[in-house]
Amino acid sequence: MIEISHRLRTIGDMVEQGHRVADIGSDHAYLPTYLIQKGIASACIAGEVNRGPWQSAARQVRSVGLSERIDVRLGDGLDVIHPGEVDTVCIAGMGGSLIVSILDKGIEKLAGVTQLLLAPNVASPLVRRWLLEHGWQLSRERILEEDGVIYEILEAIPGNPTLPYENQEREREDLLEVGPYLWQENSPVLRKKWEQELDKLRSVQIQLQRAKKPEAEGKKQEVSKKLAWMEEMIACMQTDKE
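Residues numbered from 1 in each chain as written. Predicted model: local features only at pLDDT ≥ 70, side-chain atom pairs only at ≥ 80, totals over all residues. Heavy atoms only, no water.

Examining the overall build of the chain
Within the chain, the regular secondary structure consists of 9 helices and 7 strands. Oriented by its inertia axes, the alpha-carbon framework of the chain measures out at about 60 × 40 × 35 Å. Each of the 242 residues in the chain was classed as buried or not, and the buried ones make up 48%. Sequence-distant contacts in the chain: of pairs separated by 6 or more residues, those separated by 24 or more amount to 67%. Accessible area for the chain stands at about 12000 Å²; split by element, carbon and sulfur atoms hold 49% of it. Within the chain, one finds 30 positive and 38 negative side-chain charges whose respective centroids are separated by 4 Å. (Helix = DSSP H or I, 4+ residues; strand = E, 2+ residues; numbered from the N terminus. Buried < 20%, exposed > 50% of the residue type's maximum accessible area, 1.4 Å probe, protein only. Contact = heavy atoms within 4.5 Å. Areas by Shrake-Rupley, 256 points an atom, 1.4 Å probe, with all protein chains shown as cover. Lys, Arg positive; Asp, Glu negative; His and termini not counted. Charge placed at Lys NZ, Arg CZ, Asp CG, Glu CD.)

Regarding the nonpolar core
Judged by nonpolar contacts, the single largest core of 47 residues is most densely connected at V89, I91, L110, L116 and L131. Looking at this core, the element that brings in the most residues is helix α9 (residues 217–241), giving 7 residues. Non-local contacts of L110, meaning those with residues more than four positions away in its chain, are made with L78, V89, L103, L116, W130 and W136. In terms of nonpolar packing, the next biggest core, distinct from the first, is built from 29 residues, L8, L31, A41 and C44 among them. (Core = buried A, V, L, I, M, F, W, Y, C linked by side-chain atoms within 4.5 Å.)

Brief notes about the pairing of strand β2 (residues 43–48)
Burial of β2 is extensive: 5 of the 6 residues sit out of reach of the surface. Relative to β2, strand β1 (residues 20–24) is paired through 5 bridges, and the arrangement is parallel. Bridge pairing in β2 links R20 to A43. Taken together, β1, helix α2 (residues 30–37) and β2 constitute a β-α-β crossover, and its handedness is right-handed. Where β2 lies against strand β3 (residues 70–74), 5 bridges are found, and the strand directions are parallel. Residue E48 lies in a different strand from β3, and its bridge partner there is L74. Since β2 and β3 lie parallel, the crossover through helix α3 (residues 51–63) that links them has a hand, and here it is right-handed. (Pairing = 2+ DSSP bridges. Right-handed = clockwise from strand over helix to strand, strands pointing away.)

So, α3
In this model α3 runs 18 Å from its N-terminal to its C-terminal C-alpha over 13 residues, within 8% of the 18 Å that 1.5 Å per residue would give. Every buried residue of α3 is accounted for by S56, A57, A58, Q60 and V61. Buried residues in α3 make contact with α2 and β3. After α3 finishes, the residue G65 shows a positive phi value of roughly 70 degrees. (Expected span 1.5 Å × (residues − 1).)

A look at the packing of aromatic side chains
Tallied over the full model, the rule gives 1 aromatic pair. A ring pair is formed by W194 and W229, whose centres lie 5.5 Å apart and whose planes are at 75 degrees; its orientation type is edge-to-face. Remark: W229 occurs in helix α9 and W194 occurs in helix α8 (residues 188–210); sequence separation between them is 35 residues. The exposure class assigned to W229 is buried, which follows from its relative accessible area of 18%. Above the face of the Y151 ring, R7 is positioned so that its terminal group lies 5.1 Å from the ring centre. (Phe/Tyr/Trp six-rings, centres within 6.5 Å; stacked < 30°, edge-to-face > 60°. Lys NZ or Arg CZ within 6 Å of the ring centre and 35° of its normal.)

A word on the side chain of S124
Along the chain, the position of S124 falls in helix α5 (residues 124–133). On the basis of relative accessibility, which here comes to 4%, the residue S124 falls in the buried class.

Following this line, the structure appears as structure tokens:
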């Protein structure tokens, strides 16, 4: 049985039983290998845009004798699949803006897909907003820390995209930033993430305050407003914890 990271294992265990899965940006095809060996997926496609990782993925699949169950394909994003070919699409290990670009470019390939598992390294609000604007209902969120890095994993299904943001204490814009399910869970990892973000923004504010250029004034105001928002959100998280 293949050993994979906690992040990939969490994604894999969120896949619906028996689904046909496309892992976009599969690298060494570790996730598809795990899904087949665990009996979670019925078949997998491992997609890679670069020839080197594509060859590595093909070698990995051959080494575990799963070439008949995992199809390793070379192509850009969702170009590696056909409409109706898979039930679940996983995209992990890249920034939120790139994930959104992949979804936009290949949106017609999502016909028949009933589960998206998206794990942006950064800019997860961009992914939540894309789901909201394209008819995908955010259905689950996970947050975890591994080797000092905090990861978010978003699951979406076809449905009512506004549902996760209804009847909440916070405004939709706040929940797009933090995550509606992560906000409800209010885990120590979530609080740690936002405390780290607050520290980063304070450092930016100090650098801007040292700048004497008039054109920096607009940025200073923007950062000050964002800092106030972060401080209020974190205070609410700490209050809810108590």
